[in-house]
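# Overview (structure and organization)
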Amino acid sequence: MADVGPAVIKKYLGRQKHDVQPHVYAVADEMYRKLMEDNYSQCVIISGESGAGKTEASKLIMNHIAQCSGNGGEVDQVKNVILQSNPLLESFGNAKTLRNNNSSRFGKYMEINFDRSGRPSGGLITNFLLEKSRVVGQLEGERSFHIFYQLLKGATAEEKDYYGLYEPENFLYLARSNCYTVDGMDDKKEYADVLKAMSVMGIDADTQQAITRLLAAILHTGELALWWWGTGR
Ligand SMILES: Nc1ncnc2c1ncn2[C@@H]1O[C@H](COP(=O)(O)OP(=O)(O)OP(=O)(O)O)[C@@H](O)[C@H]1O
């Protein structure tokens, strides 16, 4: 993705939209400035068809806010949580589709609160319309939610043994679509990022284990169905 990053953000800081080339940073900068100058809540609606760039645009806006809204102490922690919420939400709510290798299969409403000096003080993410049916089946060439493949690649040998985690091909819920990898996506590395994101978000080790258990249980539920049909009962 060209023309993004801290140096480009600086080019848009404090500039009027008509003085600079169109960019999502220009929108983010105007929004932040209006929040500070007019003291009114601001809202950005990002819409478009699948693959249009909504998810990437929202990440650029969050990066802009993280870079421009002060730092130090608790503020850094809040920013960290805001930024780390992305890999976590994408892992559990995004999947490879025929149109987009990282398609969000849910709607997202994100709220970021600022203190009077313009520093982020907290936030709220509301998800809606998650495409739950993807858990049990996908179109040929698509995948289920990333987290299942990440877990199967990234779990430790002990976890794999304990929870009976094998290759995705071995689980009916993942095998129906004949698609197990995504170009340019390293599931093992992404799993490490997910675990890191969970820790930053305050999800403790016990809860992380409970999540692993639940994911494994979902995959094994698919095998129960196979056994049921296989016996012809
Ligand atoms: N600003 C950009 N510059 C270059 N490539 C981009 C940009 N935004 C998005 N893309 C490319 O388009 C792909 C799809 O983008 P993204 O996942 O943001 O779409 P989306 O609108 O959120 O789709 P969906 O509704 O399926 O979740 C990205 O993986 C990336 O390759």
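Because the structure is a prediction, the values reported are computed rather than measured.

### What to know about the site of the ligand
- Taken together, the neighbourhood of the ligand is formed by 13 residues, with Ser50, Lys54, Thr55, Ser103 and Ser104 sitting nearest.
- The contact in question runs from an oxygen atom of the ligand to an N or O atom on the backbone of Ala52, over 3.2 Å.
- Asn100 places a polar side-chain atom, nitrogen or oxygen, 3.0 Å from an oxygen atom of the ligand.
- Protein contact buries 67% of the 630 Å² of open area that the ligand shows by itself.
- Taken together, the elements giving at least two residues each to the shell around the ligand come down to α3 (54-68) and β2 (103-104).
- Broken down by element, the residue count for the shell around the ligand peaks at 3 residues, all from α3.
- Along the lines of polarity and charge, the residues of the shell around the ligand split into 2 nonpolar, 8 polar and 3 charged.

### Observations concerning the pairing of strand β4 (residues 120-128)
- Bridge analysis of strand β3 (residues 107-114) against β4 gives 8 bridges, and the strand direction is antiparallel. Residue Glu111 lies in a different strand from β4, and its bridge partner there is Leu124.
- Counted along the chain from β3 to the antiparallel partner β4, the turn is 5 residues long, and its residue Gly118 has a positive phi close to 85 degrees.

### Topic: the state of the cysteines
- A full pass over the atoms with the stated rule returns 0 disulfides.
- Distance from the sulfur of Cys43, which forms no disulfide, to the nearest cysteine sulfur (Cys68) is 19 Å.

### Digging into the UniProt feature "binding site: ATP" (unreviewed entry) in the protein chain
- UniProt annotation of "binding site: ATP" (unreviewed entry) refers to Gly48, Glu49, Ser50, Gly51, Ala52, Gly53, Lys54 and Thr55 when read in the numbering used here. Lining the largest pocket, from the set of annotated residues above, are Ser50, Gly51, Ala52, Gly53, Lys54 and Thr55.
- Mapped onto the elements of the fold, Ala52 is located in the loop between α2 (24-38) and α3.
- Given a relative accessible area of 52%, Ala52 falls into the exposed group.
- Checked against the element boundaries, Lys54 lands in helix α3.
- On the basis of relative accessibility, which here comes to 29%, the residue Lys54 falls in the partly exposed class.
- Those residues within four positions of Lys54 in sequence are excluded, and the remaining contacts are Ile46, Ser47, Gly48 and Glu49.

### A few points about the packing of aromatic side chains
- One pass over the full model with this rule turns up 4 aromatic pairs.
- Ring centres of Tyr162 and Tyr163 lie 5.0 Å apart, and the angle between their planes is 80 degrees; this geometry places the pair in the edge-to-face category.
- Over the face of the ring belonging to Tyr149 we find Arg143, whose NZ or CZ atom lies 4.0 Å from the ring centre.

### Observations concerning the nonpolar core
- Judged by nonpolar contacts, the single largest core of 19 residues is most densely connected at Ile147, Phe148, Leu151, Leu152, Leu165, Leu174 and Leu219.
- Listed by contribution, the elements that provide at least two residues to this core are α5 (146-154), α8 (187-200) and α9 (205-230).
- Broken down by element, the residue count for this core peaks at 5 residues, all from α5.
- Counting residues in hydrophobic clusters, the runner-up holds 7 residues, among them Ile9, Val20, Tyr25 and Ala26.

### Quick word on the side chain of His23
- Inspection of the secondary structure assignment puts His23 in the loop between α1 (6-12) and α2.
- Within polar-contact distance, the side chain of His23 engages the backbone nitrogen of Tyr25 at 3.0 Å.

### Some points on the pattern of salt bridges
- Applying the stated criterion across every chain, the model contains 13 salt bridges.
- Through salt bridges with shared partners, one network takes in Arg105, Glu131, Arg134 and Glu142.

### Brief notes about the layout of surface pockets
- For the largest pocket, the calculated volume is near 1300 Å³.
- Lining the largest pocket we find 40 residues, and of these Val44, Ile46, Tyr109, Met110 and Glu111 sit closest to its centre.
- For the lining of the largest pocket, the secondary-structure elements that each account for two or more residues are α2, α3, β2 and β3.
- Considering every element that reaches the lining of the largest pocket, the biggest residue donor is β3, with 8 residues.
- In terms of residue class, the lining of the largest pocket is made up of 19 nonpolar, 14 polar and 7 charged.

Basis of the calculations
- Residues numbered from 1 in each chain as written.
- Predicted model: local features only at pLDDT ≥ 70, side-chain atom pairs only at ≥ 80, totals over all residues.
- Heavy atoms only, no water.
- Near = heavy atom within 4 Å.
- Polar contact = N/O pair within 3.5 Å; in protein donor to acceptor, adjacent residues only side chain to side chain.
- Areas by Shrake-Rupley, 256 points an atom, 1.4 Å probe, with all protein chains shown as cover.
- Helix = DSSP H or I, 4+ residues; strand = E, 2+ residues; numbered from the N terminus.
- Nonpolar A, V, L, I, M, F, W, Y, C, P; charged D, E, K, R; others polar.
- Pairing = 2+ DSSP bridges.
- Disulfide = S-S within 2.5 Å.
- UniProt positions renumbered as here; feature names shortened; annotations may be inferred.
- 1 Å grid on protein atoms, 1.4 Å probe; cavity = no way out; pocket = protein on both sides within 12 Å on 5 of 7 lines; lining within 4 Å.
- Buried < 20%, exposed > 50% of the residue type's maximum accessible area, 1.4 Å probe, protein only.
- Contact = heavy atoms within 4.5 Å.
- Phe/Tyr/Trp six-rings, centres within 6.5 Å; stacked < 30°, edge-to-face > 60°.
- Lys NZ or Arg CZ within 6 Å of the ring centre and 35° of its normal.
- Core = buried A, V, L, I, M, F, W, Y, C linked by side-chain atoms within 4.5 Å.
- Salt bridge = Lys/Arg side-chain N within 4 Å of Asp/Glu carboxyl O.
- Points joined across faces, edges and corners; volume = space filled by probe spheres on them.

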